[in-house]
Each structure stands twice: as structure tokens, then as C-alpha cells.
Amino acid sequence: MKTVLRYYRPYVWLVILNLIFLFGQAMCELALPGYMSDIINNGIVPQDMGYIRKIGIIMIAVSAATVCFSLAGSFIAARVSAKSSRDIRHALFTRVIAFSASELEDFSTASLITRSTNDVQMVQQATVMILRLACFAPMMGIGAIVRALDTSVSLSWTIGLALLVILCIMAMAFFLVFPKFKVLQSKLDNLNLIMKERLSGVLVIRAFNTQKTEEGRFDEANRELTKINMFVNRAMSFMMPALMFVMNGVSILIVWAGAHLVEADKLMIGDMLAYLQYAMHVIMSFLFITMIFIMIPRAAVSAQRIGRVIDTEPAIEDPEEPETVSSHEGRVEFRNVSFAYPDAEEKALENVTFTAEPGRTTAVIGGTGSGKSTLVSLIPRFYDVTEGQVVIDGVDVRDMTQHDLRDRIGYVPQKGLLFSGTIASNLRYGGDEATDEELMEAVETAQAKDFVMEKECGLDEEVAQGGTNVSGGQKQRLSIARALVKKPEIYIFDDSFSALDFKTDKALRDALAEKVGGSTIIIVAQRINTIIDADRIIVMDDGRIAGTGTHQQLMESCDVYREIALSQLSEEELERGRK
Ligand code: ADP
Ligand code: MG
């Protein structure tokens, strides 16, 4: 709550200006019934045309002033609410971008989307309401009560009765509806979650013919949301007619009781009509106040949800006094590294120690789930180690800024991901100022030249959202090219060759050796073929290193490696590897 309020600070002056306008509006509106009673009592009844004209002109002027004040107030409310929501969305986005994987998992992407759209909108709506009414309604209410009592004390019971009835109706609505608001937002989260997951998995759903079950699941979430929404809206829609009924009832009551007083000469007819208007003002203000009381808790729920995101410190932060790295060799060292995922009981890595030298290719191989991806994700600091150290050129990765660190690393993820744009814009992700020649060179090294050239527009070919119009293997090659454009000291390929055929795999490795041979290259792979020539192979088994060495050394000394090798390679290939 406090967090969100902070984003209104720049607009304090506008809010104060708004208060002045509102005060003006209230004063003008309260003056009007007084003039009306004057014009009736002293103008219309005695048929004094001059008086009617004089007061009439004043009334027109006051009405015009009311409109001006009200317009100015609306402008400010619109401006403040729109701008503050912009600031809040910006803060949310900046924070979410800084989140490490564990915070993203904590909140879930779907919830983060709801929070930065729907919840912000709730707060925005409440802001408008509060700016327009939160101060205006009490000002109007009190002013109208004072004026009404001034006009006629003997009718005051009518207002009292009306307020009592309205209070009962509002209290009922409040206790019925309010608890549902929190549920409503979480159901919305749930719906978004299902929607997002199903949309990204739409092909799998089709392939397994599970549209019906998925529809069922979606329907269930949709129905739950609808049910609560209907309940809330029904309760709300019952309110309006009930309140109108009370207002009209009170009008009749005032006219009825007032007529008796007028007949007994205890009240002027103009005063009765003025009293009627004041009574309406009192009731309306009271209504606005209760509406705000309903609105605020709902917006508060949203504000809390937003605040929780903004207040969450990313687990991975830059050090206060970052060390600047002087040497740029790119030597990566793991020193007794152990790592467990947040909330996981078992360690995903245990006691891993090795060094990846510049100018060498270090390969990591192992079964699925053996911790290969986890291992390499510690280098760009996607996660922090639980024990031990990851050191680059003698500096712990936690002692440099994330920007410096990641500037030195070209990371190609297991799943190639492209952004919407062109091939060139995707490649320039790693280096804005790369020339077209440099891009072409990277594309050539990544063995993507053939299919890029086949495209009508070459490098300027459009890439659809999520890169759906290129195949898996092409996506991987473009991801590799993207890392190459960056020209870092350290290359990390997390299973990036898996979707390539053997021939391309080989050609790519040869091209890499030629172009970036001086860098530190870390290749994660499942296929022995991919890593058979590596200078150093690290065999992972269940989060531990089962052996290190060259292909030949490992064939002799490491059982895990031999098993993998025998299952993949024919005798001849093994022979060839031995030579
Ligand atoms: P590999 O890349 O070798 O196939 P991973 O490094 O992806 O294996 O996974 C190693 C282990 O860590 C697995 O047991 C997996 O269940 C676990 N794991 C991977 N990612 C996460 C995560 N984000 N949260 C919790 N556990 C994870
Ligand atoms: Mg993996």
C-alpha cells in the first residue's frame, strides 16, 4: 500500500489544486438552492420581474462556475490517475526485469501479468474516484446538512431516516461483497495462468488430442470467475434501484410533510423546494462516501498485490563495491561449488571443481537431469551458488556487476528463443553497433547462411513472435549467431547443437574452432559426437563430477562415460576416436 502511494508524490501539487477546485464546486452547488428559494419566495410569488431577472443572472453565473470547477477537477483527476498508473507500470516492469528465475517462479508469470494490467487498472479507477469524490462528498454533505437545518429544522427527521435506511443497505452489501474481491483477483490469476500455459502448448494439446480436457479445465476456471463476478455484480446492481427508491421516497416524504407546514404558514414554498435539494445533496454525498468505502478496499487489495512485486528484492543483486576486472582472458573456475534450487531439498550440484581455460573447449556431458544446465547457468549468475565459488579471471562472479559479467559471456540457451522483429534485429541483440558484414560472418559461422540467404529479404526477413516461423534447428543456429555477434570472451552452449544434424554439427564446430578458437568455450551436450574432440570433457552424474579428461582418458577410466559412449557410437567410430 505504502509502496504504491509513493508513486503519487510527484502529483501532490495537482491534488492540492484539485481540492481548491472541488471546494469551489461545492460552494457553488450549495449556493444554488438558496438562490432558488429566493427567486420563488421574493420573485415568483410576488411576481417581481426585476428581482427574477437579477437573481436569474446570478444563478446562471454560478451554474457556469460550477461547470468550470467540475471540468478542471475532472481534468486533474484524469491526468493524475493516468500518469501515476504509468509510473506504477514502469516500476513493475523494471522490477520484474531484474527478477532472477526464483522470484519469477514465486509469483508466476501469469500473476505478474495480471498485476501489471488489471490490478493497476483497479488502482487507477480508484484514484479517479478518490480524487473526484473522497473530499468533495464530505464537503458537500456537511455543507448541505448545515444549509438544510438553516432552512427548516422541523423537516430534519426526513434526512435522518433516509440516511439510516441507506446505511443498512450499504452495510449489507459491504459484508456480502467485500470478502469476494480478493478471491476475484486470484481467480483472474488462475484464468490467466491456464490461458498462458495452454496457448504456449497449443501444438502439444492438438497432437495429443486433448482439446476437450483442456477446454474442460479452462471452462472450470472460467466458470469460477464468472460465478464470483456475477455475485459481485448482482449485489451491486441491486444497490442502485434500492437507493433510488430511498431517494424518491424521501422526496415524497419531504413534499408531503413540507406541504403541511406550508399550509400552516410555518414554511415558505421556496424554502421547501430548497430543502428538498439539500436533502438530495446530503443523500448523494453519503452515497458517494459509502461507494468510496467499497472501492478503497478493493483497490487496496490490488495495491498490495502490486506492492508485493515492487518490494521484492531480486535475490541476485550487484555488489555494493563492484570489482572492475582488469584481465580479459575469460578463465572460468568452479571452486567446490554446491547448489540447491530454492525450495528444493536435494542439491542439484555437489562439490563441483574444474577450470575452463581460455583457448580450450571444455565439454560437459551427462544424462538428462544430471545438472548440466544448472552448472552452466551459475556462470552468468542466473542463480547464486549455495556453497563454493564461481570465479572468472580470479574474481568471484558475485563481486562484479551483472552487466560487466554478462557482457563477457555469450550464452546460448537450451531452447532457442527469438523475439519478434527481423533476423538482423535479433542478431543485434548482443551488439547494437554490429555491421551487416559482421552479422553475415556470424551467420556463416553458425551455419545459418544457407537458409538466411534463401529468405526473400535475407537478414531483414521478419521473425514472428516467439520465432514461430523458423524451425527448431534454425532457431538454434540463429541463437548461436546472436552470441557470436556479441564477441564475448566466454561462450556457453547449453545443448545448443542437439537439433542439428551430424553434418551441420561438425561444420559448426570446425567453424567455431577457426573463428573463436581463442575464447573459452563451454559446450554442454548429450551426444558424444559433439564433444569427442574437446580438450577437456567433464562427465556429470547426478550433480557430481564422475570424471574429467579427454575422450580417450575417460574411455579408460570412467564407467559413466564409457556407458554413454558405447550406447551411442559404433565400434568403428570408437576406433576412430582412439586414433
Ligand atoms: P540437465 O540439463 O543435465 O538435463 P538440469 O540441470 O536441467 O539437468 O537439472 C538438474 C536437476 O535440477 C534436475 O533434477 C531437475 O529436476 C532440477 N531442476 C532443474 N531446474 C530446476 C528449477 N528451476 N527448480 C528446481 N529444480 C530444478
Ligand atoms: Mg539441460
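Above this text you will find the structure in question.
Described in the following lines is the structure provided in the data block. Note that this is a predicted model, so its numbers are computed, not measured. (Residues numbered from 1 in each chain as written. Chains lettered and ligands numbered in written order. Predicted model: local features only at pLDDT ≥ 70, side-chain atom pairs only at ≥ 80, totals over all residues. Heavy atoms only, no water.)

What about the nonpolar core?
Just so we agree on the cut-off: Take the buried residues of types Ala, Val, Leu, Ile, Met, Phe, Trp, Tyr and Cys, join any two whose side-chain atoms come within 4.5 Å, and each joined set is a nonpolar core. Only protein chains enter the accessibility calculation, which uses a 1.4 Å probe; a residue whose area is less than 20% of its type maximum is buried, one above 50% is exposed, and one in between is partly exposed. Secondary structure elements are defined from DSSP: runs of H or I of at least 4 residues count as helices, runs of E of at least 2 residues count as strands, and each element is numbered from the N terminus. Contact criterion: two residues are considered in contact whenever any of their non-hydrogen atoms come within 4.5 Å of each other.
Counting 50 residues, the largest nonpolar core has Leu 155, Ile 159, Ile 166, Met 170, Met 239, Leu 243 and Ile 254 as its most contacted members. Secondary structure elements with two or more residues in this core: helix H2 (12-44), helix H5 (109-134), helix H6 (136-151), helix H7 (156-200), helix H9 (211-263) and helix H10 (269-311). No other element matches H9, which puts 14 residues into this core. Apart from the residues within four sequence positions on either side, Met 170 is in contact with Met 239, Leu 243, Leu 287, Thr 290 and Ile 294. Of all hydrophobic cores here, the second largest spans 47 residues; its members include Val 516, Ala 525, Ile 532 and Leu 554.

A look at the environment of Ala 446
Relative to the helices and strands, Ala 446 is located in the loop between helix H14 (436-445) and helix H15 (449-454). Ala 446 sits in the buried class, given a relative accessible area of 0%. With 265 residues separating them along the chain, Ala 446 and Phe 181 place their C-alpha atoms 53 Å apart. When sequence neighbours within four positions are dropped, the list of residues in contact with Ala 446 reads Arg 477, Ile 480, Ala 481, Leu 484 and Leu 508.

Some words on the layout of surface pockets
Any space left empty among the atoms is revealed by the rolling of a water-sized probe across them. Short version of the rule: Lining residues are defined by having an atom within 4 Å of a point belonging to a cavity or pocket. Those points lie on a 1 Å grid over the protein atoms alone, cavities being sets where a 1.4 Å probe fits but cannot get out and pockets being open sets with protein on both sides within 12 Å along at least five of seven lines. Grid points are joined across faces, edges and corners, and a volume is the space filled by probe spheres set on the points. Residues are grouped as follows: nonpolar covers Ala, Val, Leu, Ile, Met, Phe, Trp, Tyr, Cys and Pro; charged covers Asp, Glu, Lys and Arg; every other residue, Gly included, is treated as polar.
By volume, the largest pocket is sized at about 2,600 Å³. The wall of the largest pocket is formed by 50 residues, among which Pro 413, Lys 415, Leu 417, Phe 419 and Arg 482 lie closest to the centre. Mapped onto the lining of the largest pocket, the elements with two or more residues apiece are helix H3 (49-98), helix H4 (101-107), H5, H7, helix H8 (202-207), helix H12 (402-407), strand E6 (409-412) and helix H16 (472-486). By volume, the second largest pocket is sized at about 410 Å³. Around the second largest pocket, the lining is made up of 19 residues, and of these Leu 5, Tyr 8, Ala 126, Thr 127 and Ile 130 lie nearest the centre. Contributions of two or more residues to the lining of the second largest pocket are made by helix H1 (2-5), H2, H5 and H10. Looking at which element gives the most residues to the lining of the second largest pocket, the answer is H5, with six residues. Each residue belonging to the lining of the second largest pocket can be placed in one class, and the counts come to 17 nonpolar, two polar and no charged.

A closer look at the pairing of strand E9 (residues 490-494)
Operational definition: Here, strands pair whenever DSSP counts at least two bridges between them.
Most of E9 sits out of view: five of its five residues are buried. Here E9 shows no split at all, with Ile 490, Ile 492 and Asp 494 on one side and Tyr 491 and Phe 493 on the other all buried. Alignment of E6 against E9, held across four bridges, turns out to be parallel. Of the residues in E9, the one forming a bridge with Ile 409 is Ile 490.

Comments concerning a negative patch on the surface
To keep it simple, the criterion reads: Distance thresholds for patches are 9 Å for like charges and 5 Å for nonpolar side chains (Val, Leu, Ile, Met, Phe, Trp, Tyr), applied to residues having over 30% relative accessible area and no salt bridge. Calculation of accessible area relied on Shrake-Rupley with a 1.4 Å probe; when residues are assessed, cover is drawn exclusively from the protein chains displayed. For this analysis, a salt bridge means a side-chain nitrogen from Lys or Arg found within 4 Å of a carboxyl oxygen belonging to Asp or Glu. For this count, His and the chain ends are skipped, Lys and Arg are scored as positive, and Asp and Glu as negative. Taken as the charge location is NZ of Lys, CZ of Arg, CG of Asp or CD of Glu.
Taken together, the side chains of Glu 345, Glu 346, Asp 541, Asp 542 and Glu 563 present a region of like negative charge at the surface. Here Glu 345 shows up in the loop between strand E1 (332-339) and strand E2 (349-356). For Glu 345, a relative accessible area of 81% puts it in the exposed group.

Here's the deal with the sheet that holds E1
By way of backbone hydrogen bonds, the strands of a sheet pair with one another, either parallel or antiparallel. Reading across from one edge, E2-E1-E4-E5 is the order of the four strands in this open sheet, with antiparallel pairing throughout. In this open sheet, the two edge strands, each paired with only one partner strand, are E2 and strand E5 (395-396). By the bridge criterion, five bridges tie E1 to E2 in an arrangement that is antiparallel. Of the residues in E2, the one forming a bridge with Phe 339 is Leu 349.

Side note on the coordination of the magnesium ion (ligand 2)
Going by this rule: Donor criterion used throughout: N, O or S atom within 2.8 Å of the metal, extended to 3.2 Å for Na, K and Ca. Water excluded; incomplete-looking sites may result.
The protein atoms that coordinate the magnesium ion (ligand 2) are Ser 373 (OG) and Gln 414 (OE1), at distances spanning 2.0 to 2.6 Å. Of the two residues, Ser 373 is situated in helix H11 (residues 372-377) and Gln 414 in the loop between E6 and strand E7 (421-422); the sequence distance between them amounts to 41 residues. Residue Ser 373 is classed as partly exposed on the basis of its relative accessible area of 27%.

Some points on the pattern of salt bridges
The final tally for this structure, using the stated rule, is 23 salt bridges. Two residues, Arg 95 and Glu 313, come together in a salt bridge whose shortest N-O distance is 3.9 Å. Here Arg 95 is found in helix H3, whereas its partner Glu 313 is found in the loop between H10 and E1, with 218 residues between them in sequence. Judged by its relative accessible area of 48%, Glu 313 falls in the partly exposed class. Where Glu 333 meets Arg 335, a salt bridge forms, and the shortest distance between an N and an O atom there is 3.1 Å. The exposure class of Glu 333 is buried, given its relative accessible area of 18%.

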